[in-house]
Amino acid sequence: AMVFVECRYTYKEGLSWNELNEYCDETKKKCLMDPELVHARIDERPDGSTAYLFTGKAPIWSRLFLPDECQFLDIVSIDKINKIRYVKGQNITKSNEGGVKLHEETTYWEDSLGRLQFYRTLEISVKG
């Protein structure tokens, strides 16, 4: 069965979109720092977005949805004028295993009337 999960969150005052964007970039760079665990290919795309292709160990937070060894593609778009950070993630692991599998993930953060908003949707299949 295919399941769609959506969550929304409004951050408390004190965290700006610029701070969050810098934090997300630093976190992405940290994921690239351990070549023994993860290989990353980074491509700047003509539309201004950045593609990150990760191959290797799944992060601990995602092991419910991804196999221990996986391949995942993130497309990151940043609109600094309208203060929107958009990430489209796709599990491209070749696997026929049962259980829970993440297919696609969409996350974005935006500054809406001075309040930082977080939105995430997950497309998950569940096989018994």
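Quick note: structure is the one above.
Residues numbered from 1 in each chain as written. Predicted model: local features only at pLDDT ≥ 70, side-chain atom pairs only at ≥ 80, totals over all residues. Heavy atoms only, no water.

Undergrad: Which residues make up the environment of Leu-66, and what are the values?
TA: Tracing the backbone through its elements, the reader meets Leu-66 in the loop between strand S3 (50-57) and strand S4 (69-79). Residue Leu-66 is classed as buried on the basis of its relative accessible area of 8%. Setting aside its immediate chain neighbours within four residues, Leu-66 contacts Ala-58, Phe-72, Asn-91 and Leu-102. (Helix = DSSP H or I, 4+ residues; strand = E, 2+ residues; numbered from the N terminus. Buried < 20%, exposed > 50% of the residue type's maximum accessible area, 1.4 Å probe, protein only. Contact = heavy atoms within 4.5 Å.)

Undergrad: Let's hear about the pattern of salt bridges: which residues, and what values?
TA: By the definition in use, this model includes 7 salt bridges. Close ionic contact of Asp-25 with Arg-85 constitutes a salt bridge, the shortest N to O distance being 2.9 Å. Of this pair, Asp-25 sits in helix H1 (residues 17-31) while Arg-85 is found in strand S5 (residues 84-91), placing the two residues 60 residues apart along the sequence. The partner of Asp-43 in a salt bridge is Arg-41, and the shortest N-O contact between them spans 3.0 Å. Residues joined by salt bridges that share partners form a network here, namely Lys-57, Asp-68 and Glu-69. (Salt bridge = Lys/Arg side-chain N within 4 Å of Asp/Glu carboxyl O.)

Undergrad: Quick one: what's the story with the packing of aromatic side chains, residue by residue and with numbers?
TA: All told, the structure shown has 5 aromatic pairs when counted by the stated rule. Relative to Phe-54, the ring of Tyr-52 has its centre 6.0 Å away and its plane inclined at 5 degrees; by these criteria the two rings are stacked. A residue is classified by how much of its surface remains accessible, and Tyr-52, at 13% relative accessible area, is buried. Residue class for Phe-54 comes out buried when judged on its relative accessible area of 12%. Centre to centre, the rings of Tyr-86 and Tyr-108 are 6.3 Å apart; their planes meet at 35 degrees, and the pair counts as tilted. Here Tyr-86 is found in strand S5, whereas its partner Tyr-108 is found in strand S6 (residues 99-112), with 22 residues between them in sequence. (Phe/Tyr/Trp six-rings, centres within 6.5 Å; stacked < 30°, edge-to-face > 60°.)

Undergrad: Go over the environment of Thr-10 with me, naming the residues and quoting the values.
TA: Relative to the assigned elements, Thr-10 resides in strand S1 (residues 2-10). Accessibility expressed as a relative area gives 33% for Thr-10, which makes it partly exposed. Along the chain, Thr-10 and Asp-111 lie 101 residues apart, while their C-alpha atoms are 9.8 Å from each other. Apart from the residues lying within four places of it in its own chain, the contact partners of Thr-10 are Arg-115, Leu-116 and Gln-117. Only 3.1 Å separates the side chain of Thr-10 from the side chain of Gln-117, close enough to count as a polar contact. (Polar contact = N/O pair within 3.5 Å; in protein donor to acceptor, adjacent residues only side chain to side chain.)

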